[in-house]
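Chain and residue survey
Chain residues, written in single-letter form:
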Amino acid sequence: MTDTPRNVVGLNERKVDGYSLVTGKPVFAGDVDFPDCLHVKFLYSPHAHARITAIATHRAEALPGVAVVLTHENTPLRRFTTAGQGYPEPSPYDARMFDTKVRFVGDRVAAVAAKSPSIAARAVQLIDVQYEALPAVLSIDEAVAAGAPVIHDETDATGVRDPSRNIVAEVLVEVGDPETGLAESAAVVETVCETPYAQHTPLEPHVVQSYLDNDQRLVLLTSTQVPFHVRRIVARLLDLPIARVRVIKPRVGGGFGVKQEVLLEDVAALVTLRTERPVRVELTRPEEFYASRTRHPMRVGVKLGADTDGRLGAVSMEAISNTGAYGTHGLTVLSNAGSKTLPLYNKAPHVRFDGKAVYTNLPVGGAYRGYGATQGYFALETAMDELAEQLGIDPVDLRLRNHIRAGETSPIFEEIGEGRKGVEQTIGSCALEECLRVGADRIGWRAKRGLRRRDGSWAHGVGMSIHMQGSGIPAIDMGAATIKMNDDGSFNLLVGATDLGTGSDTILGQIAAEVLGVPLEKMIVYSSDTDMTPFDVGAYASSTTYVSGNAVRRAAESTRRQILEVAAAMLSSDASHLRLADEQVIAPNGRTVDLADVCLRAFYGTDQLQIGATASYVGDQSPPPFLASFAEVAVETETGRIKVVDYVAAVDCGVAIHPHAAAGQVEGAIANGIGYALTEEMTFSPHGRIRNPSFFDYKIPAAPDLPDIDVILVDSYEPTGPMGAKSIAEIGINAPIPTIANAVHDAIGVRLKATPFTPERVLRALRVLGAPNG
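As the structure is a prediction and not an experimental result, all values here were calculated from the model.

The next thing to look at is the packing of helix H6 (residues 227–237) against helix H7 (residues 265–275). Direction vectors running N to C along H6 and H7 enclose 50 degrees, while the axes themselves pass 10 Å from each other. Viewed along their axes, H6 and H7 adopt a mutual orientation that is oblique. Both H6 and H7 take part in a crossing whose hand is right-handed. Side by side, H6 and H7 meet where Val-230, Val-234 and Leu-237 of the first sit next to Glu-265, Asp-266 and Ala-269 of the second. When the residues that make up the contact of H6 with H7 are grouped by side-chain class, the tally is four nonpolar, no polar and two charged.

Split into domains, the chain comes out as domain 1 (18–26 + 478–618), domain 2 (32–134 + 203–254 + 259–291) and domain 3 (298–473 + 621–765). Taken over C-alpha atoms, the centre of domain 1 sits 38 Å from the centre of domain 2. Counting residues at the interface gives 22 residues for domain 1 and 20 residues for domain 2. Taking both partners together, domain 1 and domain 2 bury about 1,600 Å²; carbon and sulfur atoms supply 50% of that area. Of all residues in domain 1, Leu-500, Thr-530 and Tyr-540 bury the most surface against domain 2, accounting for 37% of the area lost on that side.

Once that is clear, we can look at the pattern of salt bridges. For the structure shown, the criterion picks out 49 salt bridges. Two residues, Glu-154 and Arg-79, come together in a salt bridge whose shortest N-O distance is 4.0 Å. Here Glu-154, found in the loop between helix H4 (140–144) and strand E7 (167–175), pairs with Arg-79, found in the loop between strand E3 (66–70) and strand E4 (101–102); they are 75 residues apart in sequence, far enough to count as distant. For Glu-154, a relative accessible area of 15% gives the class buried. Judged by relative accessible area, which is 7%, Arg-79 ranks as buried. Between Arg-453 and Glu-632 there is a salt bridge whose closest N-O contact spans 3.6 Å. Of the two residues, Arg-453 is situated in the loop between helix H14 (445–448) and strand E16 (454–455) and Glu-632 in strand E25 (residues 626–636); the sequence distance between them amounts to 179 residues. The partly exposed category is assigned to Arg-453, whose relative accessible area is 43%. For Glu-632, a relative accessible area of 7% puts it in the buried group.

The residue after Tyr-87, namely Pro-88, is reached through a cis peptide bond having omega -10 degrees. On the secondary structure map, Pro-88 appears in the loop between E3 and E4. A cis amide bond links Thr-755 to the next residue, Pro-756, at an omega of -5 degrees. Its place among the elements puts Pro-756 in the loop between helix H19 (736–748) and helix H20 (759–769). Positioned with a positive phi, Ser-572 is a non-glycine residue whose angle comes to about 50 degrees. Relative to the helices and strands, Ser-572 resides in the loop between helix H16 (544–571) and strand E21 (579–581). Overall, Ser-572 belongs to the exposed group, its relative accessible area being 67%. The phi torsion at Asp-607 lies on the positive side, around 50 degrees, for a residue other than glycine. Mapped onto the secondary structure, Asp-607 falls in the loop between helix H17 (595–604) and strand E24 (612–618).

A word on the side chain of Glu-261. Along the chain, Glu-261 turns up in the loop between strand E11 (245–248) and H7. Of the polar contacts made by the side chain of Glu-261, one reaches the side chain of Thr-82; its length is 2.7 Å. Those residues in contact with Glu-261 that sit more than four places away from it in its chain are Thr-82, Ala-83, Gly-84, Val-226, Arg-293, Thr-328 and His-329.

As a further point, take the nonpolar core. Leu-304, Phe-630, Ile-642, Ile-740 and Phe-757 are the most contacted members of the largest nonpolar core, which has 125 residues in total. Counting residues in hydrophobic clusters, the runner-up holds 49 residues, among them Ile-507, Ala-567, Ala-602 and Tyr-617.

Overall, the coordinates contain zero disulfides when judged by the stated rule. Free cysteine: Cys-430, not disulfide-bonded; nearest cysteine sulfur from Cys-435 at 7.7 Å.

With that settled, the discussion passes to the side chain of Glu-680. Tracing the backbone shows Glu-680 in the loop between helix H18 (659–678) and strand E27 (708–713). Buried and unpaired, Glu-680 has no salt bridge, with Arg-295 as the nearest side chain of opposite charge at 7.7 Å. Looking at Glu-680, its side chain comes within polar contact range of the side chain of Tyr-698, at 2.7 Å. Sequence-distant contacts of Glu-680, that is, excluding residues within four places in its chain, are made with Pro-196, Gln-199, Tyr-368, Asn-672, Gly-675, Tyr-698, Lys-699, Ile-700, Pro-701 and Pro-756.

Moving on, we come to the environment of Lys-421. Inspection of the secondary structure puts Lys-421 in the loop between helix H12 (411–415) and helix H13 (432–443). C-alpha separation for the pair Lys-421 and Ile-52, spaced 369 residues apart in sequence, amounts to 40 Å. Setting aside its immediate chain neighbours within four residues, Lys-421 contacts Glu-414 and Glu-415. Polar side-chain contacts of Lys-421 include one of 3.2 Å to the side chain of Glu-415.

Parameters and conventions
Residues numbered from 1 in each chain as written. Predicted model: local features only at pLDDT ≥ 70, side-chain atom pairs only at ≥ 80, totals over all residues. Heavy atoms only, no water. Axes fitted to C-alpha atoms, helices over the stretch in contact; angles between N-to-C directions. Helix = DSSP H or I, 4+ residues; strand = E, 2+ residues; numbered from the N terminus. Parallel < 35°, antiparallel > 145°, perpendicular 65-115°, else oblique. Left-handed = near helix turned anticlockwise from the far one by under 90°. Contact = heavy atoms within 4.5 Å. Nonpolar A, V, L, I, M, F, W, Y, C, P; charged D, E, K, R; others polar. Domains from an automatic or database assignment. Buried area = accessible area lost by both parts, 1.4 Å probe. Salt bridge = Lys/Arg side-chain N within 4 Å of Asp/Glu carboxyl O. Buried < 20%, exposed > 50% of the residue type's maximum accessible area, 1.4 Å probe, protein only. Polar contact = N/O pair within 3.5 Å; in protein donor to acceptor, adjacent residues only side chain to side chain. Core = buried A, V, L, I, M, F, W, Y, C linked by side-chain atoms within 4.5 Å. Disulfide = S-S within 2.5 Å. Lys, Arg positive; Asp, Glu negative; His and termini not counted.

Right, dumping it as C-alpha cells:
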C-alpha cells in the first residue's frame, strides 16, 4: 500500500466529456451531416452456405440516384481479417470484402451506394443473384463430425489450423501429469457447461462516415474501439499508403468488444475513393444481430481433483468454441478461456488445457467483454461448487484454500498467451481474501447458505464465485501519450486510447493532473485521432487504465522534470528540491512561482523551449483485478422463474482512479452478465437464420429487471500500475452465470449447466431431480 496523499486521483471528478453528452451536442459519428453524402445498404446472403454462380447488378445501377454497386467482381480479392488486433494479427486471413462463397445467413453479397437510404435499399432488391446451395454446418458437433462440409475450402486463406476439419485454432497445454493427479485425488468432480450465441447490443449501432479532405486524403469518422488498427487494415486492403488515411474516433455509444472490428470502414472508404463523395454506412438493429459480431458459443468441460481437505491436486479444462463463419478472435478467445481462469487456482501441480475453435455456418464470433473468460469461469466455478459439496466444505473456505496470492505465480501465465506463448508473471497485488470476507459478510453468507428458505412457491438460496482477469496483453499492447504545456499553466493531453463511454479520457486526465499538481480542469484531453494523437492499440483486453495510464504517467513525469528545471532558475534552487502543487512550483524556503509564469519564461525568456513530452508503455506484467461475487436468488418452483434478489461484488482493482466510474463499470458488467445468465440467447431456424434479431424478441435486462448491485471497492495497491491502479472493466461480466447457477443449486438442489437459465430449463431440471413443484 501507499500513503501518498492524492489531490485528483481517487476523487469522483466530473467527466471531461460530461457537458457535451448531457446537453446533446453532436459528438457521435452519426451526428454530422455531410453535403452530397451517399448512403450504403447491403445485400446479404439468404443461405447459410452457398456459392455465387452469377450476379447481375445492371438493374440496380440503372436506378436514378445510385452511384456505385460493389460485389466480388469489382472489389479487392485480398484476404484479410476484420479483427482489430495488433500486427501480425493472430486471427486468420480468411475473409474478403465480397466473396464468391457465402458462409452464413447475413454474409455480405453486395453493397449499393445511393443519394438516399431508401434508394439504396430499393436498388439492393434489384440485384439478381444465383446461388448453388451447399450443405451447412450449424453446430460445433456437426463441424467436427467425420465428413463434415468444409466451410473454408479456398486455397488463399492463411492462419487456419486445419480447414479440412473446420478447425480454426487449437491450444494444448499440460503442466505436470493431470491424469495421474486426478487418479491420485481423494475427490474428483467433472462438469460440462455450455454458453450460446449472444449479442453486445450497444445503444449506438455501427456507423462510419468517410470523406476526402482538402488534400484528397481519406478520412474515416467511425464508431470504433481501435482507430489505429482500422487505419492499418483499411490501408492494406485498399492498397493505400497509411499516410493517405486518417481515422477519427468521436464519442462512442457503447462497444463491449463488437467495435473491435473492421466491419464497415472498408466499404465506406472504397465508395469514397471511387466517387470522391462523402459516404455514410450505418447498421440497423437487426443487422447488428446477424451481420456484425457475437460472443463465441462455447462448451467447456472441467475436471477437478483434490485431497480430503479440499486442496486441489489437478485441474483439467477442455473447451470447444464456435467461431462462426470466419475466424476473427477465434484463437485468442479460446486461449483466454484457459489463461484467465486456470491461474486463479495455482496451487494445483497438475494442470491441463485442451481447446479447439471451429468454423460453423452461423454468425461470426468476435471480441466480447470477458473474451473467453466468461465461458471458462462458468464451468470452473460450477465445478468448484460441486467439489465443495462433495467434500462438505463451505464454498468460500474452499476458495480461500486454493486461490492465488500476492508474490505467487502460475505456469499458465507463461504457457498460454493471446495467440502466442505468454510471459512469466508474478502477482504484485491481491486482495481477494479480503474481497471474500467483505462480500460474504455483506450478503449474509453464513446465515443464509444451505437454509433453502421458502416463501410460498419461492425458494431462496445464495451462491458465490471468484474471478481474476488481466490488465492488457503483456509484451504486446503498447500505448503512448503526449503532453504539452500552455502559457496559462494548462496542458494538452493527447492520447491514442479510446474512450467508449468508460470515462478513460477523464481517468487519464486525472493521472496527468495528479503528477503535474493541477486540477483536472487544467487538462485538455484529446483522444483517438490517428493524425493528431500518438499510437495506442485501442480499447480492449482491459488495457486502457493500466497500459495507457502508465504511458500518461511517464509523459507527465517527464513534463514535470522540465517544469522543475525551468523553475529552478527562477527560484535560484536545485530542481531536485522543488515540488509541484496547487498550480505552483514550491521551493523548500516557501518561495513559489506559478506554472503560467514558468511556461511564459520557457516560451519567451532564456533557454526557450516547448515544455512537454511523449512517452510510451509496454508492460511485462498484466496484473489481474480480483472479484468475489455473491448473489441471493429466489426460484419459483411452480414456473421455474429465477429472480436475483440481491447481488454483492467485492472487487480489487488496485487504486480506483475514479471510484464512481470504477463502480459503474462493475455494475454495468454485472447487469450485462445477469442478462447472459437469465435471458439472452440468439436462436436460429433449422436453416441458420436468426429468429430474434430485435429487442422485442432478444431480451436484455432493463432497470426493473435488475437487483440492487452492491459494489465494494476493496483497497489495494498495484506496484506496477499508474498510481497503484489495475483494470476493472471486464471482470464483472464473468461472475453472474456461475454465481447465479450456484445460488439456484443452493435454493432448489439442481445444477444448471447451459445458459440462459430460462424457466423451461429450471422446470426440466426439477423434473429430472424428481422434486415436487410447489
